[in-house]
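One letter stands for each residue in the lines below.
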Amino acid sequence: MNYDPKSLIGTPVDLSSLTEYQPGSVVSRMVINKKSGTVTAFAFEAGEGLSEHTAPYDALVIVLEGEADIPVGGTPHHLKQGQMIIMPANVPHAVHPTTRFKMMLVMIHE
C-alpha cells in the first residue's frame, strides 16, 4: 500500500504494508525524519542485503517478516519475525537476509 506520510499520523497501520518487495532490490520508506532520530521501513528481496558498515547513532532493528543474519561487532546473530536487536553507534554491523525480509530501523540521534 502506498501511504502519504501525513496519512500515517494518528492512524493504525500494518507495519509490513509500508514497503513492498521488488525483484533485485532493497526498498526503504522513511516513516519519521526528525533531528532526534529516524524511523525507516525496509523490504529486502531474497539475495539482497546491506554490507558491513557503521553508523554514528545507536540503531534498533525490529524484524517484521522473514529471517536475517545480522552480525554486530563481529558477533553473529540470527533474527526472526518478532525479534529485535540494538546496534550501538560506531560498531560494525550488516544485514544478510536468509529469506525475503522486512524490518523497521529506528535510529536515535544524539
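Described below are features of the structure shown in this document. (Residues numbered from 1 in each chain as written. Predicted model: local features only at pLDDT ≥ 70, side-chain atom pairs only at ≥ 80, totals over all residues. Heavy atoms only, no water.)

Description of the sheet that holds strand 4 (residues 58-65)
Strand order in this open sheet of five strands is 1-2-9-4-7, and the pairing throughout is antiparallel. The sheet is open, and its two edges are formed by strand 1 (26-34) and strand 7 (84-87), each paired on a single side. Direction aside, the axes of adjacent strands within the sheet are offset by 20° on average. Strand direction decides the pairing type here: strand 2 (residues 37-44) and strand 9 (residues 101-108), joined by eight bridges, are antiparallel. Paired with Thr-40 across the two strands is Leu-105, which belongs to strand 9. (Pairing = 2+ DSSP bridges. Helix = DSSP H or I, 4+ residues; strand = E, 2+ residues; numbered from the N terminus. Axes fitted to C-alpha atoms, helices over the stretch in contact; angles between N-to-C directions.)

Examining the environment of Glu-52
By the element assignment, Glu-52 lies in strand 3 (residues 50-53). Separated by 32 residues in the primary sequence, Glu-52 and Met-84 place their C-alpha atoms 18 Å from one another. For Glu-52, the contacting residues outside a window of four places in its chain are Pro-92, His-93 and Ala-94. (Contact = heavy atoms within 4.5 Å.)

Some thoughts on the sheet that holds strand 6 (residues 78-80)
Pairing within the open sheet is antiparallel, and its four strands lie in the order 3-8-5-6. Edge strands, defined here as strands with exactly one partner in the open sheet, are strand 3 and strand 6. Here the strands of the sheet are splayed against their neighbours by 25° on average, with no regard to which way each runs. Across two bridges, the pairing between strand 3 and strand 8 (residues 93-97) is antiparallel. If you follow Leu-50 over to strand 8, its bridge partner there is Val-95.

Focus: the environment of His-93
Mapped onto the fold, His-93 is located in strand 8. Not counting the four nearest positions on each side in its chain, His-93 is found in contact with Ser-51, Glu-52, His-53, Thr-54, Ala-55, Pro-71, Val-72 and Met-87. Here the side chain of His-93 touches Val-91 through a polar contact of 2.9 Å, landing on its backbone oxygen. (Polar contact = N/O pair within 3.5 Å; in protein donor to acceptor, adjacent residues only side chain to side chain.)

Things to note about the pattern of salt bridges
The full count for this structure, using the stated rule, is one salt bridge. Here Arg-100 makes a salt bridge to Glu-45, at a shortest N to O gap of 3.0 Å. Of this pair, Arg-100 sits in the loop between strand 8 and strand 9 while Glu-45 sits in the loop between strand 2 and strand 3, and the two are 55 residues apart along the sequence. A residue is classified by how much of its surface remains accessible, and Arg-100, at 42% relative accessible area, is partly exposed. The exposure class of Glu-45 is buried, given its relative accessible area of 13%. (Salt bridge = Lys/Arg side-chain N within 4 Å of Asp/Glu carboxyl O. Buried < 20%, exposed > 50% of the residue type's maximum accessible area, 1.4 Å probe, protein only.)

Structural notes on the pairing of strand 2
Taking burial as the measure, the eight residues of strand 2 include eight buried ones, the bulk of the element. Along strand 2, one buried face is formed by Gly-37, Val-39, Ala-41 and Ala-43 and the opposite face, lined by Thr-38, Thr-40, Phe-42 and Phe-44, is buried too. Between strand 1 and strand 2, which pair antiparallel and follow one another directly, the connecting turn spans two residues.

Nothing here speaks to function; it is all geometry.
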